[in-house]
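# Examining the three-dimensional arrangement
Spelled out, the chains give:
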Amino acid sequence: MRRSQSAATVQRFSMETFQSLLEKKLSAALANAGLPAAAGELTQATDPRFGDYQTNAALVLGKQCSENPRALAEKIVVHLSVNDLCEPPAVAGAGFINFGLRPAAIEEKALEILQDQRLGVAETETARRIVIDFGSPNVAKPMHVGHIRSTVLGDALARIAQFLGHEVVRDNHIGDWGTQFGMVIYGWKNLLDREALQRNPLAEIVRAYKETNQRATSDPQVREACRQELVKLQAGDKENIDIWNECVAFSMQDFEHVYKLLNVHYDLQCGESFYNDRLPGVVDRLLKSGIAEISEGAVVVFFRDNPELADKPLIIRKRDGGFNYATTDIATVDYRINELNADTIWYVVGAPQTLHFKQILEVARREGYTADLRHIIFGSVLGEDRKLMKTRSGENVPLRELLEEACRRARRIVEEKNPNLNEEEKTDIAEKIGIGAVKYADLSQYRMTDYIFSWEKMLALHGNTAPYLQNAYVRIRSIFRKTGENAPQIDKFVFGDPAEIDLAKRLCQFAEIVPQVLNGFRPNILTNYLFELANSFHAFYEACPVLKSEVPTRSSRLALCDLTARALRRGLGLLGIKMPEKM
RNA sequence: GCGCCCGUAGCUCAGCCGGAUAGAGCAACGGAUUUCUAAUCCGUGGGUCGGGUGUUCGAGUCACCCCGGGCGCGCCA
């Protein structure tokens, strides 16, 4: 369903991608040839030798009607009228049809994109209301590397969905409730160092919590005391609620600092505690509807008819009457669908919680919800030793420190490469490069695989990195600084050099790539594209002098530079990465 | 025990619903610059896609089995 969206959505606009135009022409040709319309696909060519676009329609049809694919392809080609866009299509291989764009068509399309703020990217016709659940740090714990993927990936998906015309609600499902608060409060009451709290509140809360945790493991009395504190908190004891509130506030300060560095914002921060008073209702309802039942004193949902979940029950009320995070998550589904009017919810949460979300989504289905709920899974961040990334002492790496380290390292490089910049510029550039590098390294990898965190690789100026893309942009800005001119108004591109054509073709693909990202939630498709775009630009930059060229060529090249800069900037912007003007 | 994810060049990774001779970057080697930022570009070498069986015109991609790694599985979140 979702897949066909990109083709459909483009129609509303006067500007269409080559892919969309050719798809239509192919459909028409199939119809005229008396063949089924929806056959195969038309994609960017897998190899430049095969031209710019290709279709395997004849292969698919050949299979369906058991006819010779090559003969079918010849038949289709006869009915294709694509002369306005392409050289005559060629049948090749087992029955592929290859399309090579005519330079004139590329010049025209590039001009259309040049004049479009959206670089040719169509808005969706089927706008959804999407709640994106991402980030979700825990109160009384500093954000650490474990939160980076969810935060960066969720933010990028939100930006892209929004750009494509969806209504997006970014919701931070903060872990601000749960059994750990028994220990947090015990630590606060018994082990807190007030001076240290003033100096660095969160660090001190964490220290007291950890010490409590240690004592509790060896001392049953401490354990019991913590349990009592938790009971009091849950019963609404004023003192404990006050302490809890303070811990939440201190933690939020830490989160906000990180979000500012990351340039991430939320529309909503409904933490777990937000749902507390809804939990009894959830359990009652599920019991009443027969979805849940009582088992060994707890309220449990069984999935007996689902082979995968048959032996994995879901507890929604513990024997002691307490609720757990499954209950909260079900209440959250209710809230998002019924009160936020979401028709789509994306959970950007790590792979270890796969089973949990299968259960939650299944409960929602049994409750009759038809909203599109998806767990967007991602792998872990590993250190260079291939194990979960930790500090030398085995602790989680605080995200704040990691980001500050990124900026420090970026600054060192900036100072080495461009010592003439003033302090303010250096700081600004280092932040854009450092944070950008961290984000890009994460987004450029297929989200499902674990990824190995490497400063050297993410900050490298070669290869598929943020600094490489930023550098391409900066080189363009440098050209415009040098001339003092703005991007020229042109009414025609003139391409003479193959590098110009290649770059222009890449720019035409921007609008084809961006919508694909949401089809599988793969920002790495966009990073790959941007990397190739930067490659094409650098090749163009080597081959084609801009400022020294003669008049129609000069303004055409300037415009091409400007368009490239806009695509790079927009592309990285969709990933939440900023562009420096110099570096 | 059951389930999920991963295994592609020396290293780090792309490769969407099966499609043409599996691609990048790093590293190695060889070239290019008195520059619009060399912060770059061009080229060379490098692969039984963990192993096997099967499905079909066609398998890195799908199915089944095995090996290796990671993660998860009633009262934590």
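Residues numbered from 1 in each chain as written. Chains lettered and ligands numbered in written order. Predicted model: local features only at pLDDT ≥ 70, side-chain atom pairs only at ≥ 80, totals over all residues. Heavy atoms only, no water.

## As for the overall build of chain A
What counts, and what does not: Only DSSP runs of H or I covering at least 4 residues are called helices, and only runs of E covering at least 2 are called strands; the numbering of each starts at the N terminus. Throughout this description, buried means an accessible area under 20% of the type-specific maximum (1.4 Å probe, protein chains only), exposed means over 50%, and partly exposed covers the range between. Residue contacts are defined here by distance: any two heavy atoms, one from each residue, within 4.5 Å place the two residues in contact. Computed with a 1.4 Å probe, the accessible areas rest on the Shrake-Rupley method; for each residue, only the protein chains presented here act as cover. All tallies of charge rest on Lys and Arg as positive and Asp and Glu as negative; His and the ends of each chain are not included. We put the charge of a Lys on NZ, of an Arg on CZ, of an Asp on CG and of a Glu on CD.
In terms of regular secondary structure, chain A is built from 21 helices and 13 strands. Its C-alpha atoms give chain A principal-axis dimensions of about 85 × 65 × 40 Å. The buried share of chain A, reckoned over its 583 residues, is 52%. If you take every contact in chain A between residues at least 6 apart in sequence, the share linking residues at least 24 apart comes to 72%. Surface accessibility of chain A: about 26,700 Å² in total, with carbon and sulfur atoms responsible for 49%. One finds the centroid of the 73 positive side-chain charges in chain A at a distance of 2 Å from the centroid of its 77 negative side-chain charges.

## Concerning the pairing of strand 6 (residues 167-171)
Keep this limit in mind: Any two strands with at least two DSSP bridges between them are considered paired. When the strands point away from the viewer and the path from the first strand over the helix to the second turns clockwise, the crossover is right-handed.
Counted residue by residue, strand 6 has four buried out of five residues, so it is predominantly covered. Here five bridges tie strand 5 (residues 129-133) to strand 6, and the two strands are oriented parallel to one another. When the bridges of strand 6 are listed, Ile-130 appears paired with Val-168. Once you follow strand 5 into helix 6 (residues 148-163) and on to strand 6, the crossover reads as right-handed.

## Side note on the packing of aromatic side chains
Cut-off, in case you're wondering: The rule is short: rings of Phe, Tyr and Trp, with Trp giving its six-membered ring, pair when the centres are within 6.5 Å, and they are stacked under 30 degrees, edge-to-face over 60, tilted in between. Only when the NZ atom of a Lys or the CZ atom of an Arg is both within 6 Å of the ring centre and within 35 degrees of the ring normal do we say a charge sits over the ring.
In this structure the tally under the stated criterion is 14 aromatic pairs. Pairing Phe-274 with Tyr-335 gives two aromatic rings, centres 4.9 Å apart and planes at 70 degrees, and the pair type is edge-to-face. One end of the pair, Phe-274, is in the loop between helix 11 (238-262) and helix 12 (279-288); the other, Tyr-335, is in helix 13 (residues 325-339), with 61 residues separating them in the sequence. Classification of Phe-274 by relative accessible area gives partly exposed; the value is 34%. Its relative accessible area of 11% is what places Tyr-335 among the buried residues. Aromatic pair Phe-453 and Trp-455: ring centres 4.9 Å apart, planes at 90 degrees, arrangement edge-to-face. The pair Phe-453 / Trp-455 is uniform in exposure class, with both members buried. Taken together, the ring pairs connect Phe-134, Tyr-259 and Tyr-266 into an aromatic cluster. Directly above the aromatic system of Phe-18 lies the positively charged group of Lys-109, at a separation of 5.4 Å from the ring centroid.

## Describing the sheet that holds strand 11 (residues 372-376)
The following threshold applies: Note on geometry: axes are lines fitted to C-alpha atoms, helical ones only across the stretch in contact, with angles between N-to-C directions running from 0 to 180 degrees.
The parallel open sheet is built from four strands, whose spatial order is 6-5-10-11. At either margin of the open sheet sits one strand with a lone partner, and together these are strand 6 and strand 11. Pairs of neighbouring strands in the sheet enclose a mean axial angle of 15 degrees, with direction left out of account. As judged from the four bridges shared by strand 5 and strand 10 (residues 344-348), these two strands associate in the parallel manner. Paired with Val-131 across the strands is Ile-345, a residue of strand 10. Against the sheet, helix 6 makes contact with strand 5, strand 6, strand 10 and strand 11, and its axis sits at roughly 160 degrees relative to strand 6, the strand it touches most.

## Concerning the domain arrangement of chain A
Put simply, the rule reads: As used throughout, domain bounds are those supplied by an automatic or database domain assignment. Note on definitions: buried area is the accessible-area loss of two parts on being combined, 1.4 Å probe, summed for both. When a carboxyl oxygen of Asp or Glu is within 4 Å of a side-chain nitrogen of Lys or Arg, the pair counts as a salt bridge. N or O atoms within 3.5 Å of each other form a polar contact, as long as, within protein, one can give a hydrogen and the other can take it, and as long as residues adjacent in sequence are counted only when both atoms are side-chain atoms. Put simply, Ala, Val, Leu, Ile, Met, Phe, Trp, Tyr, Cys and Pro go in the nonpolar bin, Asp, Glu, Lys and Arg in the charged bin, and everything else, Gly too, in the polar bin.
One can read the domain layout of chain A as domain 1 (2-101), domain 2 (180-262) and domain 3 (399-574). Between domain 1 and domain 3 the total buried area reaches about 770 Å² when both faces are included, carbon and sulfur atoms providing 49% of it. Along the contact surface separating domain 1 from domain 3 lie one salt bridge. Lys-505 serves as the salt-bridge partner of Asp-52, at 2.9 Å between the closest nitrogen and oxygen. Linking domain 1 to domain 3 there are five residue pairs in polar contact (both at pLDDT 80 or more). Across the side of domain 1 that touches domain 3, the residue classes break down as two nonpolar, four polar and three charged.

## Remarks on helix 15 (residues 399-417)
Spelled out, the test is: Multiply 1.5 Å by the residue count of a helix minus one, and that product is the helix's expected span.
Given a rise of 1.5 Å per residue, 19 residues ought to cover 27 Å, and the 27 Å separating the end C-alpha atoms of helix 15 matches this to within 8%. Among the residues making up helix 15, those that are buried are Leu-399, Leu-402, Leu-403, Glu-405, Ala-406, Cys-407, Ala-410, Arg-411 and Val-414. Tucked inside the fold, the buried residues of helix 15 contact helix 6, helix 11, helix 16 (423-443) and helix 17 (455-458).

## Looking at the pairing of strand 7 (residues 292-295)
Bridge analysis of strand 7 against strand 8 (residues 298-301) gives four bridges, and the strand direction is antiparallel. Its bridge partner being in strand 8, Ser-295 is matched across the sheet by Ala-298. Where strand 7 folds back onto strand 8 in an antiparallel hairpin, the turn is made up of two residues, including Glu-296, whose phi is positive at roughly 50 degrees.

## A word on the sheet that holds strand 7
Read across the open sheet, the three strands follow the order 7-8-9; overall the sheet is antiparallel. Taken across any chain shown, the strands that pair with only one partner, and hence form the sheet edges, are strand 7 and strand 9 (314-317). Along the sheet, successive strands turn relative to each other by an average axial angle of 45 degrees, direction set aside. Running at roughly 95 degrees to strand 7, helix 12 makes contact with strand 7, strand 8 and strand 9 of the sheet.

## Concerning the environment of Gln-19
Inspection of the secondary structure puts Gln-19 in helix 2 (residues 18-32). In this structure, the C-alpha to C-alpha distance between Gln-19 and Thr-43, residues 24 residues apart in sequence, is 6.8 Å. Leave out the neighbours within four places in its chain, and Gln-19 touches Leu-42, Thr-43, Tyr-53 and Glu-512. In terms of polar contacts, Gln-19 uses its side chain to reach the backbone carbonyl oxygen of Leu-42, at 2.9 Å.

## As for the pattern of salt bridges
Under the counting rule described, the total for this entry stands at 45 salt bridges. For the salt bridge of Arg-207 with Glu-204, the shortest nitrogen-to-oxygen distance reads 2.9 Å. In this pair, Arg-207 and Glu-204 both sit in helix 9 (residues 201-218), three residues apart, roughly one turn of the helix. Among the residues examined, Arg-207 registers a relative accessible area of 34% and is labelled partly exposed. You can call Glu-204 buried: its relative accessible area is 4%. Three or more residues joined by partner-sharing salt bridges are found here, namely Glu-204, Arg-207, Glu-211 and Arg-215.

## A closer look at the nonpolar core
Operational definition: Definition used in this section: a nonpolar core is a set of buried Ala, Val, Leu, Ile, Met, Phe, Trp, Tyr and Cys residues joined via side-chain atoms within 4.5 Å.
Formed by 159 residues in total, the largest nonpolar core has its most connected members in Ile-76, Leu-402 and Leu-526. Each residue touching Leu-526, except ones within four places of it in the same chain, is listed here: Ile-160, Ile-513, Val-514, Val-517, Gly-571, Leu-574 and Leu-575. Of all hydrophobic cores here, the second largest spans 33 residues; its members include Leu-279, Ala-292, Ala-326 and Ile-360.

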